[in-house]
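# An overview of the molecular structure
Each chain is listed here by its residues.
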Amino acid sequence: MLPDKFINRMKYMLGQECDAFLVSFECERSKALRLNPLKLQGGRDEAKGKLPYETKDILWEENGFVYKDEDEPGKSALHMAGLYYIQEPSAMSPVAYLDPKPGHRVLDLCAAPGGKSTQIAGRMQGRGVLISNEINAGRAKILSENIERMGISNAMVLNETPENLSSRFEGWFDRILIDAPCSGEGMFRKNEDAVTNWSPDNVRLCANRQDGILDNAAAMLAPNGRLVYSTCTFAPDEDEGTIYRFLLRHPEFKVCEVPLFEGMDRGNPEWALIDSADEGTWHDQPSQEISQQLSGCIRLWPHHLKGEGHFLAVLERVNEAEAKDADAEPVTYCPGGFQRGIKIEQKNMSAKEQNDSSNNTDSFKGLSDITGNEAADALPGAEVKKETKKKLKAKDRRAMDKNAGRNLKGSSRGGSALDMAAKLWEEFAGEVLTETGSSRLYGTLFTFGDNVYLAPPLMPSTDRLKVMRPGLHLGTIKKDRFEPSHSLALFLRMEDVKHSADYPADSQEIKDFTSGLTLSAGLENAWYLITADGCSIGWAKSDGRRLKNHYPKGLRINYAD
Ligand SMILES: C[S@@+](CC[C@H](N)C(=O)[O-])C[C@H]1O[C@@H](n2cnc3c(N)ncnc32)[C@H](O)[C@@H]1O
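Residues numbered from 1 in each chain as written. Predicted model: local features only at pLDDT ≥ 70, side-chain atom pairs only at ≥ 80, totals over all residues. Heavy atoms only, no water.

## So, the side chain of Gln-87
Here Gln-87 lies in the loop between β4 (84-86) and α5 (93-98). According to the relative accessible area criterion, Gln-87 is buried, its value standing at 6%. In this structure, Gln-87 is in contact with Ala-32, Leu-33, Arg-34, Met-92, Gly-115, Lys-116 and Gln-119, ignoring residues within four places of it in sequence. (Helix = DSSP H or I, 4+ residues; strand = E, 2+ residues; numbered from the N terminus. Buried < 20%, exposed > 50% of the residue type's maximum accessible area, 1.4 Å probe, protein only. Contact = heavy atoms within 4.5 Å.)

## Points about the UniProt feature "active site" (unreviewed entry) in the chain
Under the feature "active site" (unreviewed entry), the UniProt entry names Cys-232. Those residues in contact with Cys-232 that lie beyond four places of it in its chain are Cys-182, Gly-184, Glu-185, Gly-186, Met-187, Gly-309 and His-310. (UniProt positions renumbered as here; feature names shortened; annotations may be inferred.)

## Digging into the site of the ligand
Around the ligand, the surrounding shell holds 17 residues, and the nearest of these are Gly-115, Lys-116, Glu-134, Arg-139 and Asp-179. One nitrogen or oxygen atom from the side chain of Lys-116 is found 3.0 Å from an oxygen atom belonging to the ligand. With respect to the ligand, the side chain of Asp-179 contributes an N or O atom lying 2.8 Å from a nitrogen atom. Protein chains bury 83% of the 600 Å² of accessible surface belonging to the ligand in isolation. Elements with a minimum of two residues in the shell around the ligand: α6 (115-124) and α10 (200-220). Per-class residue counts for the shell around the ligand are nine nonpolar, three polar and five charged. (Near = heavy atom within 4 Å. Polar contact = N/O pair within 3.5 Å; in protein donor to acceptor, adjacent residues only side chain to side chain. Areas by Shrake-Rupley, 256 points an atom, 1.4 Å probe, with all protein chains shown as cover. Nonpolar A, V, L, I, M, F, W, Y, C, P; charged D, E, K, R; others polar.)

## Quick word on the nonpolar core
Soluble globular proteins: nonpolar side chains tend toward being buried together. Within the largest apolar cluster, 43 residues are counted, with the highest numbers of intra-cluster contacts made by Leu-109, Ile-176, Ile-178, Leu-227, Ile-243, Leu-247 and Leu-315. If you tally residues by element for this core, the top one is α10, at five residues. In terms of domain composition, this core takes at least three residues from each of domain 1 (4-30 + 88-322) and domain 2 (341-487). Ignoring sequence-local partners within four residues, the contact set of Leu-315 consists of Leu-214, Gly-225, Arg-226, Leu-227, Ile-243, Phe-246, Leu-247, Phe-253, Lys-254, Val-255 and Cys-256. Listed in part, the 34 residues of the second largest apolar core include Trp-60, Ala-111, Ile-298 and Val-314. (Core = buried A, V, L, I, M, F, W, Y, C linked by side-chain atoms within 4.5 Å. Domains from an automatic or database assignment.)

## Looking at the sheet that holds strand β24 (residues 519-520)
One key point about sheets: their strands pair by backbone hydrogen bonds, in either a parallel or an antiparallel sense. With respect to topology, five strands assemble into an open sheet ordered β23-β25-β26-β27-β24, the strand pairing being mixed. The open sheet is flanked by β23 (500-503) and β24, the only strands paired with a single partner. Sheet topology note: the strand β25 (residues 525-532)/strand β26 (residues 535-543) ladder contains eight bridges and is antiparallel. Its bridge partner lying in β26, Ile-530 is registered against Gly-538. (Pairing = 2+ DSSP bridges.)

## Some thoughts on the packing of α10 against helix α11 (residues 240-249)
Across the interface, α10 lies against α11 with an axial gap of 10 Å and an inter-helix angle of 45°. It follows that α10 is oblique to α11 by the angle criterion. The hand of the α10/α11 crossing is right-handed. Here α10 contributes Ala-207, Gln-210, Asp-211, Leu-214, Asp-215 and Ala-218 to the contact with α11, which in turn contributes Thr-242, Arg-245, Phe-246 and Arg-249. Split by residue class, the contact of α10 with α11 holds four nonpolar, two polar and four charged. (Axes fitted to C-alpha atoms, helices over the stretch in contact; angles between N-to-C directions. Parallel < 35°, antiparallel > 145°, perpendicular 65-115°, else oblique. Left-handed = near helix turned anticlockwise from the far one by under 90°.)

## A short note on the pattern of salt bridges
Here the structure, examined in full by the defined rule, presents 25 salt bridges. The shortest N-O distance in the salt bridge between Arg-204 and Asp-275 comes to 2.8 Å. Here Arg-204 is found in helix α10, whereas its partner Asp-275 is found in strand β12 (residues 274-275), with 71 residues between them in sequence. Take Asp-275: its relative accessible area is 14%, and that puts it in the buried class. The salt bridge involving Glu-483 is made with Lys-478; its shortest N-O contact spans 3.4 Å. Residue Glu-483 is classed as buried on the basis of its relative accessible area, which comes to 16%. One continuous salt-bridge network, built from bridges that share partners, spans Asp-211, Asp-215, Arg-245 and Arg-249. (Salt bridge = Lys/Arg side-chain N within 4 Å of Asp/Glu carboxyl O.)

## A word on the environment of Ala-140
Within the secondary structure, Ala-140 sits in helix α7 (residues 137-149). Here the alpha-carbon distance between Ala-140 and Arg-469, two residues 329 residues apart in the chain, equals 9.5 Å. Contact partners of Ala-140, with chain neighbours within four places excluded, come to Ala-112, Glu-134, Val-157, Leu-158, Asn-159 and Met-468.

## What to know about the state of the cysteines
Here, the word disulfide means a covalent bond between the sulfur atoms of two cysteines. Applying the stated criterion across every chain yields a total of zero disulfides. Of all cysteine sulfurs in the structure, the one in Cys-182 sits closest to Cys-232, which takes part in no disulfide; the separation is 3.6 Å. (Disulfide = S-S within 2.5 Å.)

## Quick notes on the sheet that holds strand β1 (residues 31-35)
As summarised here, the arrangement of the four strands in space is β2-β3-β1-β4, forming an open sheet in which the pairing is antiparallel. What marks the edges here is a single partner per strand, and that holds for β2 (56-58) and β4. Averaged over all adjacent pairs, the angle separating strand axes in this sheet is 35°, with direction ignored. With three bridges joining them, β2 and strand β3 (residues 61-67) adopt antiparallel strand pairing. Residue pairing for β3: Lys-56 is matched across the bridge by Val-66.

If you want it as structure tokens, here you go:
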């Protein structure tokens, strides 16, 4: 049952339309999935052909498809292999408007369980840096697992507060998504708990929290950067109201009036000062100038389109002086320094291609052995780590960009554990990967204990951050041997490895493999990438007769249940 106070406020907002709105709560929800572009070697249509049921397109996400309840894509091996992510249609809209590109530095500030982070990563195509942050440790773990399942190589998963991040990354990101914690009114028909936990006081609490999150995010956005704010609530205090208060505090931002897709509506400036605690009374009239901008916000109503209720606003920084400066000199330093480790060059690529693929800038050029904070420390302005971008002069920034790519010859840094890890990785890569596979694995190799990771070029240092996943987990050093990780298996494609064994996704072999059984096959002594309908799903090691199962114990399925 919907709370009376909620219904009264909605009547106040929607007037006669409220009846149609309330009827939508009795209707069936649209279920959808989003194909993972990182796994679409044969293209979108080929991947779609692997789905054994009819689907319908979603206008704002070319890889998004609506399916029917009985299709149960969550039970398929293709889901375990990361071919798609299950996400309802409206939830796919904020990233469509964020428009992240390969090479961007992107922050997803409230990221768990990872629907939008995995969508962002798909659009980035493994190039640039994605920081996926989640304040709740348990949820951050689930986020990490989804990043792994979708085969993402260029993401760091953090478990930080927005405050800590903003003190570290001032002015660094090209794109920031705030998919804010909210009162979840848009989830009422999906989730009973959202109804039970609803109260006007909670709406107010959420609105206050959103103000703080937005202020911290604003400090992290680069000049000319884009910030998308979204919620899954109808509460105007958390939607137009939050954006209204933000614009009052931040005149350097404006709402961009972006085109709508069919079924979407504009925000309503008149709702900016509604108070849900008073069942929808207006307090004051909003400032005319700011109010006009609020009609650039976007509302997704469940009685106007096939999807749940959502709100979003696209915000851009409009400080002209900063914007000019940024045009002249792309900023490529990182306030906390870069990840340290051993550089793995991208093979079979010209210098130009390497630069294009690592970033939109050329800052990584020439960095050939150890990368990291040392590069920043070696500068005249070593204190720059504590500096903010605003405080740096253009000349210092240029020096920093140049030195971030300096070859630190003669350095003894790296240490024997790291050297050993690099050697073992190189041997493994030589034995297991094809040239195509090797050329996709480049960046900074580093270790955490026995675990070996690869970070993309220009990944920030993990120093003093609560890190759940510092980059792509390549594997673990076990008694001087390199054992490849599940993350690496999910990142790799059939053409990346010398040995693979492919089975139909619905075959007994894939059931056996994902339940932890050994597969029998007469094969060479080697690591095999097991694939389901061509999609990597895990490792097995052949002793010439059988494929020993390396599917992680925690993910194994007991099909008898
Ligand atoms: C709407 S959910 C995010 C959903 C996610 N973007 C996705 O698409 O899968 C909001 C997230 O914000 C987190 N959160 C709660 N309080 C927060 C705070 N003060 N700062 C940042 N994030 C917070 C919640 O734990 C929750 O995971």
